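# Overview (structure and organization)
This is what each chain is made of:
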Amino acid sequence: MSRSSNKTYRFSHLYRGDDWLSPGYVDVDANGMIVGVTGVPTSELERRSERFDGFAVPGMPNVHSHAYLRALAGFAEPIGTRNRDFWAWRDRMYELALGLEPPDIEAITAQVFVEMTKAGFTSVGEFHYLHRAPDGRPYADPAEVSRRVIAAADAAGIGLTLLPALYMHGGVDAPLGERQRRFASGSVDEYLALLGSLGMKREPHELLRVGAAPHSVRAVTERELRDLIDGLDRAAPAAPIHMHLAEQRGEVEESLDRRGERPGEWLAHRFAFSSRWTLVHATHCDQNELAEIARREATVGLCPVTEANLGDGLFALPAYEAERGRWGVGTDSNTAIGVALELGVLEYGQRSARQRRDVHSDDGRSAGSLLFASALRGGAASLGQPVGSVEPGKRADLLVFDPNAPAFVGHDIDTFLDAWLVSGGAAAPSQVMVGGRWVVRDRRHLREDEVARRFAVVMSRLHRRDA
Ligand SMILES: [Zn+2]
């Protein structure tokens, strides 16, 4: 690759993922990969750099999303006892899932992905389970809807780790329900063929990765999960594996009743789950389960806004931090989308539960610094993408914040991440780069109008009140 195809950027302040350079220079090659980072100015660097006055930070990986659920935002809130709990909300979700055709799913997903980039998420793990047609029949191309999700990611310019779900059972040893007919895979082999058809081998600079998502410990048997892992070990031994774990007490009780073990115990006793695994929620894991997840260096996927919206409960973050456990954040149901919003809700839940403000161990970092660094590190591990820090070999996924935005006036590198955290997301990045390409300039996504128009058409049809 010729040197002339590289681009160099100079930021007043550059957060690399655990420390700052002021100024910071980033060299990006023609594939959008970072090839150099320095804080030492030279006249040559100054001459060739495009300058940005502001705070630049790595784009945040979003470890857990079901994009289509955005269509339910605000339509499934409680009215008296209606939509009272997670299970009632899940019924509404199943209704929605049966009413969406592939172009609808693409339109909703593109809107959600555009909003993610504007809010600071530059890569996303899309946990995708709408494989079949609304009547439950497979599409001629079993990857039909997966390809729609990929097209939506292309439109938004976001990094995508596509995680098609393997959903074989509606509960422990129970068949899938009639309303879960779109989620079905015929067999583990059929599912592995679907993953294979999406291309599991990818170049580092590519924005797409494909991983596996056995839906939950209740949705697969031991044999099915073993067959899946064996198949993956042959085809793509490094591919990420994501699974829901213990979001609701009901899941823990079902597992104890039917299998005599808690969900995390069942998994840990049978499978060598490791750093390629992400266990989503883990809300009701006990201390032993959390210690085991931490010991094996798996990532916990926390989705604080969705978990709060659904009344799931609070994750035991301080206990997990004490085990040096790894975690990332996800937007899950996508009712509202924001990096600072997720981390802020996470932090405030912990503070309220303990009636104190110092919920993390004192390692010299502020709450904002600790949360952003942890979520970057866990998010990158979870998605299997070269992201989460600014260093050679990583993809150029960067957010740039205007130091004159009201939320940041007067702040410097010591307090910037805290100012962003407490803003709740009101202070969005003004420029966003994914893979060396600017997708948001001056707070506007390059394709936001066209994507929003398609989204509006679908939403108007879905929620038409005269129907
Ligand atoms: Zn989920």
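Residues numbered from 1 in each chain as written. Predicted model: local features only at pLDDT ≥ 70, side-chain atom pairs only at ≥ 80, totals over all residues. Heavy atoms only, no water.

## A short note on the nonpolar core
Which entries qualify depends on this criterion: Among the buried residues, those of types Ala, Val, Leu, Ile, Met, Phe, Trp, Tyr and Cys that are joined through side-chain atoms within 4.5 Å form a nonpolar core. Here's how the labels work: a residue is buried when its accessible area is under 20% of the maximum for its type, exposed when over 50%, partly exposed in between, all with a 1.4 Å probe on protein chains only. An automatic or database domain assignment provides the domain bounds reported here.
Formed by 124 residues in total, the largest nonpolar core has its most connected members in Phe113, Trp327 and Trp420. Looking at this core, you find at least three residues from each of domain 1 (3-58 + 395-449) and domain 2 (60-383). Ile34, Ala396, Leu398 and Met433 belong to the second largest nonpolar core, which has 15 residues in total.

## Some remarks on the side chain of Arg70
For the record, the criterion: Runs of H or I in DSSP of at least four residues are treated as helices and runs of E of at least two as strands, each being numbered from the N terminus. We define a polar contact as two N or O atoms separated by no more than 3.5 Å, with the added condition that, inside protein, one atom must be a possible hydrogen donor and the other a possible acceptor, whereas residues neighbouring each other in sequence contribute only through side-chain atom pairs. The contact definition used throughout considers only heavy atoms, calling two residues in contact when any of these lie within 4.5 Å.
With respect to the helices and strands, Arg70 occurs in the loop between strand 6 (60-65) and helix 2 (86-98). Classification of Arg70 as buried rests on a relative accessible area of 15%. Polar contacts involving the side chain of Arg70 include one to the side chain of Glu115, which spans 2.8 Å. The residues touching Arg70, leaving out its near neighbours within four places in the chain, are Ile108, Val112, Glu115, Ser333, Asn334, Ile337 and Phe455.

## Considerations on the pairing of strand 6
To keep it simple, the criterion reads: What makes two strands pair is DSSP finding at least two bridges between them.
The buried count for strand 6 comes to six of six residues, which makes it a mostly enclosed element. Two strands pair when backbone bridges link them, and strand 6 and strand 7 (residues 121-128) are joined in this way by four bridges, in the parallel orientation. Paired with Met60 across the bridge in strand 7 is Phe121.

## Points about the packing of helix 3 (residues 102-119) against helix 15 (residues 448-462)
Going by this rule: For helices, the fitted axis covers only the stretch in contact; all axes are lines through C-alpha atoms, and the angles between them, taken along N-to-C directions, range from 0 to 180 degrees. The labels follow the angle: roughly parallel below 35 degrees, roughly antiparallel above 145, roughly perpendicular from 65 to 115, and oblique for the rest. Definitions for this section: a left-handed crossing has its near helix turned counterclockwise from the far helix by less than a right angle. A right-handed crossing has that turn clockwise. Classification used: nonpolar for Ala, Val, Leu, Ile, Met, Phe, Trp, Tyr, Cys and Pro, charged for Asp, Glu, Lys and Arg, polar for all others including Gly.
The N-to-C vectors of helix 3 and helix 15 enclose an angle of 130°; their axes lie 8 Å apart at closest approach. By the criterion of interaxial angle, the relationship of helix 3 to helix 15 is oblique. Like other packed secondary-structure pairs, helix 3 and helix 15 cross with a definite hand, here left-handed. Every residue of helix 15 that contacts helix 3 at Asp104, Glu106, Ala107, Ile108, Ala110, Gln111, Val114 and Lys118 is listed here: Glu448, Val451, Ala452, Arg454, Phe455, Val458, Arg461 and Leu462. Across the contact of helix 3 with helix 15, the residue classes break down as nine nonpolar, one polar and six charged.

## Quick notes on the coordination of the zinc ion
Note the following rule: Counted as donors are N, O and S atoms no farther than 2.8 Å from the metal, or 3.2 Å for Na, K and Ca; water is not among the atoms, and sites may therefore look incomplete.
Within the protein, the zinc ion binds to His64 (NE2), His66 (NE2) and His244 (NE2); these donor distances fall in the range 2.0 to 2.1 Å. For the zinc ion, all donor residues lie on one chain, and their spacing in sequence is H-x1-H-x177-H. With His66 in the loop between strand 6 and helix 2 and His244 in strand 13 (residues 241-245), this pair connects stretches of sequence that are 178 residues apart.

## Points about the packing of aromatic side chains
For any two aromatic rings, the description comes down to two numbers: the centre-to-centre distance and the angle of the planes. The test is simple: The aromatic pairing rule takes the rings of Phe, Tyr and Trp, using the six-membered ring of Trp, and pairs them if the centres are within 6.5 Å, calling planes under 30 degrees apart stacked, those over 60 edge-to-face and the rest tilted.
Enumeration according to the criterion identifies 25 aromatic pairs in this entry. For the ring pair Tyr9 and Phe52, a centre distance of 6.2 Å and an interplane angle of 45° mean the geometry is tilted. Taken together, the residues Tyr9 in strand 1 (residues 7-15) and Phe52 in strand 5 (residues 49-58) connect sequence positions 43 residues apart. The two residues Tyr9 and Phe52 agree in class, both being buried. Ring geometry for Trp20 against Phe416: centres 5.9 Å apart, planes inclined by 90°, an arrangement best described as edge-to-face. With a gap of 396 residues between them, Trp20 in strand 2 (residues 20-21) and Phe416 in helix 14 (residues 416-422) connect regions that are remote in the sequence. Each of the two residues, Trp20 as well as Phe416, counts as buried.

## Comments concerning unusual backbone geometry
For the bond from Ser22 to Pro23, the omega torsion is -5°, close enough to zero to count as cis. Inspection of the secondary structure puts Pro23 in the loop between strand 2 and strand 3 (24-28). You will see that Ala282, though not glycine, has its phi angle at about 55°, which is positive. Locating Ala282 in the fold gives a position in the loop between strand 14 (277-281) and helix 9 (287-295). Exposure remark for Ala282: the relative accessible area of 1% places this residue in the buried category. Backbone geometry places Gln355, a non-glycine residue, at a positive phi of 55°. Secondary-structure assignment places Gln355 in the loop between helix 12 (339-354) and helix 13 (367-383). Under the relative-accessibility criterion, Gln355 is labelled exposed at 74%.

## Looking at the domain arrangement of the chain
Selection rule: Buried area counts how much accessible surface, traced with a 1.4 Å probe, disappears from two parts once they are put together, with both parts' losses summed. The rule for a salt bridge is simple: a side-chain nitrogen of Lys or Arg has to be within 4 Å of a carboxyl oxygen of Asp or Glu.
As assigned here, the chain comprises domain 1 (3-58 + 395-449) and domain 2 (60-383). For domain 1 and domain 2, the distance between their C-alpha centres works out to 29 Å. Contacts between domain 1 and domain 2 engage 29 residues on the former and 32 residues on the latter. Of the roughly 2300 Å² buried at the junction of domain 1 and domain 2 (both faces included), carbon and sulfur atoms supply 63%. Counting every contact that joins domain 1 to domain 2 gives one salt bridge. Glu448 is the partner of Lys118 in a salt bridge, and the nearest nitrogen-oxygen pair spans 2.9 Å. Between domain 1 and domain 2 we count six residue pairs in polar contact (both at pLDDT 80 or more) in total.

## Overview of helix 8 (residues 263-270)
Of the positions making up helix 8, those classed as buried are Pro263, Gly264, Trp266, Leu267 and Ala268. Looking at the packing, one finds that the buried side of helix 8 touches helix 6 (222-235), strand 13, helix 7 (249-259), strand 14 and helix 9.

## A look at the pattern of salt bridges
Scanning all chains against the criterion turns up 37 salt bridges. Here the salt bridges do not stand alone but share partners, grouping Asp27, Glu44, Arg47 and Arg48 into one network.

## Here's the deal with the state of the cysteines
Worth spelling out the cut-off: Count a disulfide wherever a pair of cysteine sulfur atoms falls within 2.5 Å.
Evaluated as defined, the whole model comprises zero disulfides. As a non-bridged cysteine, Cys303 has Cys285 as the owner of its nearest cysteine sulfur, 13 Å distant. The class for Cys303 is buried, based on a relative accessible area of 0%.

## Topic: the packing of helix 6 against helix 8
At a minimum axis distance of 12 Å, the contact between helix 6 and helix 8 shows a crossing angle of 50°. As far as their axial angle goes, helix 8 and helix 6 are oblique. The two elements helix 6 and helix 8 meet at a crossing, and its hand is right-handed. Across the interface between the two elements, Glu222, Leu225 and Arg226 from helix 6 touch Trp266, Leu267 and Arg270 from helix 8. Looking at side-chain class alone, the contact of helix 6 with helix 8 contains three nonpolar, no polar and three charged residues.

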